[in-house]
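Each chain, letter by letter, is given below.
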Amino acid sequence: MGDHIGVAGYLFRTRTGELTIHVETLTFLTKAMLALPEKFHGLADVELRYRQRYVDLFANLEAREVFVKRAKALKALRQFFDERGYLEVETPMLQQIAGGAAARPFSTHHNALDQDLFLRIAPELNLKRLVVGGFDRVYEINRNFRNEGVSTHHNPEFTMLEFYQAYANYHDLMQITEELIAFVAKEVNGTTITNFEGVEIDLGKWTRLTMREAIIKWWPEGPMRLSLQDFSDRNLVADVVRHLHDNPNDYRGLTPQTWTTFGQIEADLYTPSVPFGKCIAALFEAVAEEHLIQPTIIYEFPTAVSPLSKQNPDNPDWVERFEFFCGGFELGNAFSELNDPVEQHKRFAQQLAEREGGDDEAHQMDEDYVRALAYGLPPTGGEGIGIDRLVMLLTGSKSIRDVILFPLMRNRDQKSEIRDQGSEAPE
């Protein structure tokens, strides 16, 4: 089993009419030196499937189907944007400043220039430079790199779609997002219905909530609850969080992990140097995110966690930003782009202060990007979507490693692994 052979002969039809070859000569093309997995069960060891994807692909038909669907999803994404007049572009992976997101970058060094560089964490700032230059609709599908943990939803190297449209805002992008995800689902699966973690999800039906509304909706049942008015006063929110943390038995559905998280948020709320907006975002992640199983758009984010977003003209504490969720995790992030160079420089400076205070994910200063804004960025909406997570959703895959051909794995002794398997190989 596993040998590659070549046959030569003449064509004929069998008694049942099947066209086949009458073999006259047979040649061994490649000898399989290692035994294939047992045919009925396939390659069952999950870790081995990731480490030896080549075995996984020829042993498990389901694995091949996942990556066929991934290719269909990428084709559908390009079709969607190409038909709407977007230009596909490529921007650098190596950058002098790691910008466009709040994340820890991978660093490297260019010997000829004697210059430290970063693998990009996002293509955002370069794509918006292109909008400044006159490309009103651009998109890119390519890799991002973030020096962070590995989990079922995170891989240090991942594929991202980012697109930008001049003379659009975050409301326009909400509509585009709903149409895009439904279109891709139909192209890949023939329907907007998908099954993920045992739950039927309709990617054609969407709910929209503000971040504050989502926190209120999924706040643990108990004697004290938050209201929309409470979010106007940091102390009111702090008092409610403190009561919950001090009286966990009075609240239903409060897990030990969430209770611990509330303790940290409580401490931050009583620390004036920690922005109030960061505390609100942390509350959302703690109480609401896991409940967002059906397609949901969460909009109106705090300014403190959105350094590149345009502020709400009626309330500067909030920005015109949304993220969309499905299956209990985030798939995309979008906003009306901040195009005021003075305000952008101010926010970069605030991020630098946080960086100097120990936040190594805070955005770095990018003077050239501020200069680009000074030449004039038209009103623009921009969005990033995680392709790997989208494919997880479309294929019902439980881990991001199931949809990445060669996910990053911890090192193992490859030589001993070959020797161990070789003992099972046929003579």
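Keep in mind it's a predicted model, so treat the numbers as computed, not measured.

Procedures and definitions
- Residues numbered from 1 in each chain as written.
- Predicted model: local features only at pLDDT ≥ 70, side-chain atom pairs only at ≥ 80, totals over all residues.
- Heavy atoms only, no water.
- Helix = DSSP H or I, 4+ residues; strand = E, 2+ residues; numbered from the N terminus.
- Buried < 20%, exposed > 50% of the residue type's maximum accessible area, 1.4 Å probe, protein only.
- Contact = heavy atoms within 4.5 Å.
- Areas by Shrake-Rupley, 256 points an atom, 1.4 Å probe, with all protein chains shown as cover.
- Lys, Arg positive; Asp, Glu negative; His and termini not counted.
- Charge placed at Lys NZ, Arg CZ, Asp CG, Glu CD.
- Polar contact = N/O pair within 3.5 Å; in protein donor to acceptor, adjacent residues only side chain to side chain.
- Phe/Tyr/Trp six-rings, centres within 6.5 Å; stacked < 30°, edge-to-face > 60°.
- Salt bridge = Lys/Arg side-chain N within 4 Å of Asp/Glu carboxyl O.
- pLDDT = per-residue confidence, 0-100.
- Pairing = 2+ DSSP bridges.
- Axes fitted to C-alpha atoms, helices over the stretch in contact; angles between N-to-C directions.
- Parallel < 35°, antiparallel > 145°, perpendicular 65-115°, else oblique.
- Left-handed = near helix turned anticlockwise from the far one by under 90°.
- Nonpolar A, V, L, I, M, F, W, Y, C, P; charged D, E, K, R; others polar.

A short note on the overall build of the chain
Item 1. Looking only at helices and strands, one finds 13 helices and 16 strands in the chain.
Item 2. The principal-axis extent of the C-alpha atoms belonging to the chain is close to 85 × 55 × 45 Å.
Item 3. Of all 427 residues assigned to the chain, the portion counted as buried reaches 46%.
Item 4. Within the chain, contacts between residues separated by at least 24 positions form 65% of all contacts whose residues are at least 6 apart in sequence.
Item 5. For the chain, the computed accessible surface area is about 22,300 Å², with 51% contributed by carbon and sulfur atoms.
Item 6. Between the mean site of the 44 positive side-chain charges and the mean site of the 65 negative ones, the chain shows a separation of 5 Å.

Side note on the environment of asparagine 411
Item 1. Relative to the helices and strands, asparagine 411 resides in the loop between helix 12 (387–395) and helix 13 (414–422).
Item 2. With a relative accessible area of 76%, asparagine 411 lands in the exposed category.
Item 3. The spacing of asparagine 411 and arginine 51 is 360 residues in sequence and 9.8 Å in space, taken between C-alpha atoms.

Structural notes on the environment of glutamate 162
Item 1. In this fold, glutamate 162 is placed in strand 8 (residues 157–166).
Item 2. Separated by 171 residues in the primary sequence, glutamate 162 and asparagine 333 place their C-alpha atoms 9.4 Å from one another.
Item 3. In this structure, glutamate 162 is in contact with Ala122, Pro123, Glu124, Leu127, Val138, Tyr139, Glu140, Glu383 and Gly384, ignoring residues within four places of it in sequence.
Item 4. Here tyrosine 164 takes part through its side chain, which lies 2.6 Å from a polar atom of the side chain of glutamate 162.

So, the packing of aromatic side chains
Item 1. Summed over all chains, the structure comprises 12 aromatic pairs.
Item 2. Ring centres of phenylalanine 81 and phenylalanine 163 lie 4.7 Å apart, and the angle between their planes is 45°; this geometry places the pair in the tilted category. Residue phenylalanine 81 is located in helix 3 (residues 61–82), and its partner phenylalanine 163 is located in strand 8; the two are separated by 82 residues in the primary sequence.
Item 3. On the basis of relative accessibility, which here comes to 0%, the residue phenylalanine 81 falls in the buried class.
Item 4. Measuring from centroid to centroid gives 6.1 Å for tyrosine 86 and phenylalanine 163, while their planes differ by 85°, and the two rings are edge-to-face. Here tyrosine 86, found in the loop between helix 3 and strand 3 (87–88), pairs with phenylalanine 163, found in strand 8; they are 77 residues apart in sequence, far enough to count as distant.

Considerations on the pattern of salt bridges
Item 1. Per the counting criterion, the structure on display carries 20 salt bridges.
Item 2. Between glutamate 47 and arginine 51 there is a salt bridge, with its nearest N and O atoms 2.8 Å apart. Placement of both glutamate 47 and arginine 51 in helix 1 (residues 46–51) is noted, with a separation of 4 residues, approximately one turn of the helix.
Item 3. With a shortest N-O distance of 3.2 Å, aspartate 366 and arginine 129 are connected by a salt bridge. One end of the pair, aspartate 366, is in the loop between helix 10 (341–356) and helix 11 (367–376); the other, arginine 129, is in helix 4 (residues 124–132), with 237 residues separating them in the sequence.
Item 4. On the basis of relative accessibility, which here comes to 7%, the residue aspartate 366 falls in the buried class.
Item 5. For arginine 129, a relative accessible area of 22% corresponds to the partly exposed category.

Examining the confidence of the model for the chain
Item 1. Confidence in the prediction for the chain averages 91 pLDDT; 95% of positions are at 70 or higher.
Item 2. Scored below 50 in pLDDT, residues 415–427 shows 15 contacts in the model against residues more than four places distant or in partner chains.

Considering the sheet that holds strand 5 (residues 107–110)
Item 1. Read across the sheet, 3 strands follow the order 4-6-5 without closing on themselves; strand pairing throughout is antiparallel. This sheet does not close on itself; its edge strands, each paired only once, are strand 4 (94–95) and strand 5.
Item 2. Direction of pairing for strand 4 relative to strand 6 (residues 115–119): antiparallel, over a ladder of 2 bridges. What sits directly across from glutamine 95, in strand 6, is phenylalanine 118.

A look at the packing of helix 3 against helix 12
Item 1. Look at helix 3 against helix 12: their axes get within 10 Å of each other, and the N-to-C directions meet at 120°. Relative to helix 12, the element helix 3 is oriented oblique. Crossing geometry of helix 3 relative to helix 12 is assigned as right-handed. Facing helix 3, whose interface residues are Val66, Lys69, Arg70, Ala73, Leu74 and Leu77, helix 12 presents Ile387, Asp388, Val391, Leu394 and Thr395.
Item 2. Its residues assigned to classes, the contact of helix 3 with helix 12 shows 7 nonpolar, 1 polar and 3 charged.

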